[in-house]
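# Per-entry structural report
Here is what each chain is made of, one letter per residue.
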Amino acid sequence: MIKVSPSVLAADFANLGSEAKRAEEAGADLLHLDVMDGVFVPNISFGAKVIQSIRGYTRLPFDVHLMITDPARYIDDFVKAGADLITIHYESCDDQISVLKQIRSAGVKASISIKPATPAFILEPLLDYVDMVLVMTVEPGFGGQSFIPDTLESVRSVSAMVKSRGLNIDIEVDGGITAETIRPAYDAGANVFVAGTSVFRADDASAAIAALRSACV
Ligand code: DX5
Ligand code: ZN
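Predicted, not measured: the structure shown is a model, and the values here were computed from it. (Residues numbered from 1 in each chain as written. Chains lettered and ligands numbered in written order. Predicted model: local features only at pLDDT ≥ 70, side-chain atom pairs only at ≥ 80, totals over all residues. Heavy atoms only, no water.)

### Overview of the overall build of the protein chain
Scanning the protein chain for helices and strands turns up eight helices and eight strands. Taking 17 Å as the expected radius of gyration for a compact globule of 217 residues, we find that the protein chain reaches 16 Å, a close match to that expectation. Looking at the protein chain as a whole, 52% of its 217 residues are labelled buried. Taking the average location of the 18 positive side-chain charges in the protein chain and that of its 28 negative ones, the two points are 5 Å from each other. (Helix = DSSP H or I, 4+ residues; strand = E, 2+ residues; numbered from the N terminus. Rg over C-alpha atoms; globule rule 2.2 N^0.38 Å. Buried < 20%, exposed > 50% of the residue type's maximum accessible area, 1.4 Å probe, protein only. Lys, Arg positive; Asp, Glu negative; His and termini not counted. Charge placed at Lys NZ, Arg CZ, Asp CG, Glu CD.)

### Observations concerning the pattern of salt bridges
Summed over the entire model, instances satisfying the criterion amount to ten salt bridges. A salt bridge links Arg-165 to Glu-124; the nearest nitrogen and oxygen atoms lie 2.6 Å apart. With Arg-165 in the loop between helix H5 (152-164) and strand S7 (170-174) and Glu-124 in the loop between strand S5 (109-114) and strand S6 (132-136), this residue pair connects regions lying 41 residues apart in the sequence. Accessibility expressed as a relative area gives 32% for Arg-165, which makes it partly exposed. (Salt bridge = Lys/Arg side-chain N within 4 Å of Asp/Glu carboxyl O.)

### Quick look at the site of ligand 1
Not every one of the 20 residues close to ligand 1 is listed here, only the nearest: Asp-34, Gly-141, Asp-174, Gly-196 and Thr-197. Here an oxygen atom of ligand 1 and a side-chain polar atom of Asp-34 are 2.7 Å apart. With the chains in place, 99% of the 380 Å² that ligand 1 exposes on its own is no longer accessible. Put simply, ligand 1 lies in the largest pocket. Breaking the shell around ligand 1 down by element, the ones donating at least two residues are strand S2 (31-36), strand S3 (62-67) and strand S8 (192-195). With three residues, S2 is the largest single contributor of residues to the shell around ligand 1. Of the residues assigned to the shell around ligand 1, the class counts are eight nonpolar, ten polar and two charged. (Near = heavy atom within 4 Å. Polar contact = N/O pair within 3.5 Å; in protein donor to acceptor, adjacent residues only side chain to side chain. Areas by Shrake-Rupley, 256 points an atom, 1.4 Å probe, with all protein chains shown as cover. 1 Å grid on protein atoms, 1.4 Å probe; cavity = no way out; pocket = protein on both sides within 12 Å on 5 of 7 lines; lining within 4 Å. Sits in = over half its atoms within 2 Å of the grid points. Nonpolar A, V, L, I, M, F, W, Y, C, P; charged D, E, K, R; others polar.)

### Overview of the packing of aromatic side chains
One pass over the full model with this rule turns up one aromatic pair. In this structure, Arg-55 packs its charged tip against the face of Phe-62, placed 3.7 Å from the ring centre. Between the NZ or CZ atom of Lys-115 and the centre of the ring of Phe-40, over which it lies, the distance is 5.2 Å. (Phe/Tyr/Trp six-rings, centres within 6.5 Å; stacked < 30°, edge-to-face > 60°. Lys NZ or Arg CZ within 6 Å of the ring centre and 35° of its normal.)

### A closer look at the coordination of the zinc ion (ligand 2)
Any two of four tetrahedral donors ideally make an angle of 109.5 degrees at the metal, while pairs among six octahedral donors ideally make 90 or 180 degrees. Protein coordination of the zinc ion (ligand 2) is provided by His-32 (NE2), Asp-34 (OD), His-65 (ND1) and Asp-174 (OD), with donor distances spanning 2.0 to 2.3 Å. Coordination at the zinc ion (ligand 2) is octahedral: its six donor atoms span angles of 70 to 171° at the metal. (Donors = N, O, S within 2.8 Å, 3.2 Å for Na, K, Ca; no water. Tetrahedral: all angles 85-135°; square planar, octahedral: opposite > 155°, others 65-115°.)

### Details of the pairing of S5
Within S5, five of the six residues are buried, which leaves the element mostly enclosed by the surrounding structure. The sheet contact formed by strand S4 (residues 85-89) and S5 spans five bridges and is parallel. Of the residues in S5, the one forming a bridge with Ile-86 is Ala-110. Regarding topology, helix H4 (residues 96-105) serves as the crossover connection from S4 to the parallel S5, and that connection is right-handed. (Pairing = 2+ DSSP bridges. Right-handed = clockwise from strand over helix to strand, strands pointing away.)

### Some points on H5
Helix length check: H5, at 13 residues, gives a terminal C-alpha distance of 18 Å against a target of 18 Å (1.5 Å per residue), a fit within 8%. Taken together, the buried positions of H5 are Leu-152, Ser-154, Val-155, Val-158, Ser-159, Met-161 and Val-162. Check the buried side of H5 and you find it contacts S5, S6, S7 and helix H6 (182-188). In the stretch just after H5, Gly-166 is the one whose phi turns positive, near 65°. (Expected span 1.5 Å × (residues − 1). Contact = heavy atoms within 4.5 Å.)

### A closer look at the environment of Arg-55
Mapped onto the fold, Arg-55 is located in helix H2 (residues 48-55). Along the sequence, Arg-55 and Ile-97 sit 42 residues apart, while their C-alpha atoms lie 28 Å from each other. Once you skip the residues sitting within four places of it in the chain, Arg-55 turns out to touch Leu-60, Phe-62, Ala-81, Gly-82 and Asp-84. A polar atom in the side chain of Arg-55 sits 2.8 Å from the backbone oxygen of Thr-58.

As structure tokens, this is what we get:
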């Protein structure tokens, strides 16, 4: 069974509480929250305070994607804000294992992400410390970009590593996921799908999520 994680980056920022509720009512499994610091990526979105403000509006687990430099400094803030799962970027820090341990010891699920150009094999030593791997299927920083088909190779590599080690790790893809691009990502081994534009900008979010699910049947 796949999981759909709508990204609020494509939602109405003036009404994030009701947008979170709308995603839940439309059948989402998680809510994806993209944190950008303007340094790790060339865009600024929102931080822990905004996430905490949305927390009371939905029971969906919060899937927090940190696109920030030196994430260790802010893990506690995102845990307190209500994160259920925190993703850090491989490229954003030097000692990924210690940050992943920090996340897990705060009682939250830990995940590591790679940008499209980062080779998947570098994840091998980190797999014992994560609950999920996020393979970026666009360059991080902006919503509404086109899915990069070459990234499917990384999804396949991660899936093969996870299977050969017999681990129970989710594989999430993020960027340009639509009812058309979801199937190849699913076939490559992904089971968690971030969808910003294709859900929040659809006329009917519930039909959009249903279309994502039915593309994987
Ligand atoms: C990009 C973000 C994505 C983005 C996806 O840096 O990590 O989560 O919101 O948006 P869409 O689905 O519109 O590509
Ligand atoms: Zn994201």
